[in-house]
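Topology and contacts: notes
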Amino acid sequence: MKCTIKIIWDEDAQVWITDSTDVPGLFLESESFDTLIQNANAAAPELLQLNCNYEGPVSLIFEAVRITSGLALVS
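Here is a short report on the structure shown in this document.

**Focus on helix α1 (residues 33–52)**
Helix length check: α1, at 20 residues, gives a terminal C-alpha distance of 27 Å against a target of 28 Å (1.5 Å per residue), a fit within 8%. The principal kink in α1, of about 30°, is found at A43, preceding the proline P45 by one to four residues. Within the sequence span of α1, burial applies to L36, I37, A40, A43, A44, L47 and L48. If you check the start of α1, you find a side-chain oxygen 3.4 Å away from the backbone N of D34, and it comes from S32. Positive phi appears at N53, one or two residues downstream of α1, with a value of about 55°.

**Description of the packing of aromatic side chains**
Ring pairs (aromatic) are described by centroid distance and by the angle formed between their planes. This structure, assessed with the given rule, holds two aromatic pairs. When the ring of W16 is compared with that of F33, the centres are 5.0 Å apart and the planes differ by 75°; the resulting orientation is edge-to-face. Residue W16 is found in strand β2 (residues 15–19), and its partner F33 is found in helix α1; the two are separated by 17 residues along the sequence. Overall, W16 belongs to the buried group, its relative accessible area being 14%. On the accessibility criterion, F33 (29% relative accessible area) is partly exposed. Taken together, the aromatic side chains of W9, W16 and F33 make up a single cluster linked through ring pairs.

**Things to note about the environment of M1**
Summarising the element assignment, M1 is placed in the segment before β1 (2–10). What makes M1 partly exposed here is its relative accessible area of 41%. Setting aside residues no more than four positions away along its own chain, M1 makes contact with L48, Y54, P57, V58 and S59.

**Quick look at the pairing of β2**
Where β1 lies against β2, five bridges are found, and the strand directions are antiparallel. Residue pairing in the sheet places I8 in a bridge with I17 of β2. Between β1 and the antiparallel strand that follows it, β2, lie four residues; Q14 among them carries a positive phi value of about 60°.

Rules used in this analysis
Residues numbered from 1 in each chain as written. Predicted model: local features only at pLDDT ≥ 70, side-chain atom pairs only at ≥ 80, totals over all residues. Heavy atoms only, no water. Helix = DSSP H or I, 4+ residues; strand = E, 2+ residues; numbered from the N terminus. Expected span 1.5 Å × (residues − 1). Bend = angle between axes of the 7 residues up to and from the residue. Buried < 20%, exposed > 50% of the residue type's maximum accessible area, 1.4 Å probe, protein only. Polar contact = N/O pair within 3.5 Å; in protein donor to acceptor, adjacent residues only side chain to side chain. Phe/Tyr/Trp six-rings, centres within 6.5 Å; stacked < 30°, edge-to-face > 60°. Contact = heavy atoms within 4.5 Å. Pairing = 2+ DSSP bridges.

Structural measurements only, silent on function.
Structural data, given as C-alpha cells:
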C-alpha cells in the first residue's frame, strides 16, 4: 500500500505537522523535520492496522510544504 503524507511547516507555531487522507488518525507535530519523518514512519503502519485493519507492507511518500507569506513552496 502506498500512502502520501504531507509535511507542512506552520510558521505561527514554528512546528512541522502532518496531513494525510491516506492514513486515518495521523496527526503529528514536531519542531524537527527529521523527527517528524521518523515518527510518521513509526505511526503510519500502526494506524493503518488499527483504523483500517491493514497489515501488509506500507510505502510512505512524503511531500514537504512550507508556507511563507501566503506562498506555498513545495519540495
